[in-house]
Amino acid sequence: PQPQEWEQGGDTIWDGQQQQERQRQQRRPLPPPDVILLTQREIQALLPIGATGEQYAYFWGGVETAVQRFGISVLGFVATVNLTALIAVPTATFFLWAPVALAARRNS
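What comes next concerns the included structure. The numbering scheme is per chain: residues are counted from 1 as the chain's sequence reads. Thresholds applied to this predicted model are a pLDDT of at least 70 for local features of residues and 80 or more for the giving and counting of side-chain atom pairs; totals over whole chains, interfaces and linings are not thresholded and use all residues. Side-chain numbers here rest on the full set of heavy atoms in the structure, without hydrogens or water.

Topic: helix H4 (residues 63-80)
Because an α-helix packs 3.6 residues into every turn, residues spaced three or four apart end up facing the same way. The condition is simple: Helix and strand definitions follow DSSP, with helices as H or I runs of at least four residues and strands as E runs of at least two, each counted in order from the N terminus. A helix is expected to span 1.5 Å for every residue after the first. Relative accessibility decides the category of a residue: with a 1.4 Å probe and only protein chains considered, values under 20% of the type maximum give buried, values over 50% give exposed, and everything between is partly exposed. The arc in question is the one spanned by the directions pointing from the helix axis to the C-beta atoms. Contact definition: two residues touch when any of their heavy atoms are within 4.5 Å.
Here H4 contains 18 residues, and its C-alpha end-to-end distance of 26 Å stays within 8% of the 26 Å for a straight helix at 1.5 Å per residue. Every buried residue of H4 is listed here: Ala 66, Arg 69, Ser 73, Gly 76 and Thr 80. Take H4 and look down its axis: the buried residues cluster within an arc of 95°, on one side only. Exposed and oriented more than 90 degrees from the buried face of H4 are Val 63, Glu 64, Val 67, Leu 75, Val 78 and Ala 79. Those residues of H4 that are buried lie in contact with helix H3 (53-60), helix H5 (85-92) and helix H6 (94-107).

Brief notes about the environment of Arg 105
With respect to the helices, strands and loops of the structure, Arg 105 is situated in helix H6. The exposure class of Arg 105 is exposed, given its relative accessible area of 61%. Note: C-alpha distance between Arg 105 and Ile 49 (56 residues apart in sequence) is 8.2 Å.

What about the environment of Ala 104?
Looking at where Ala 104 falls in the secondary structure, it is placed in helix H6. Among the residues examined, Ala 104 registers a relative accessible area of 22% and is labelled partly exposed. The sequence separation of Ala 104 and Ile 49 amounts to 55 residues, and the corresponding C-alpha distance is 5.5 Å.

Don't take any of this as a statement about function, it's just geometry.
As structure tokens, this is what we get:
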């Protein structure tokens, strides 16, 4: 039996069997994706946990940001100096390690 074909508004409509055959012919196998798995060492090399120099410079900010961080460090040091050195030292050096912490948070 021949496939049925008829005209409808200028378009040719095919029966189901012929339509399936046309779809099968139009499908082409896709090439394999260009994806390779990375080792943990390669991932760490590409996405460092710590800050790079460029990231440190970016998160250091401008003069205004540096002054704000320094002010926070001084105020925190004054507030914690009598409590314990374990709190006072990190607070006093906040302006130095804050850009590194921000970049590390961004990298993770």
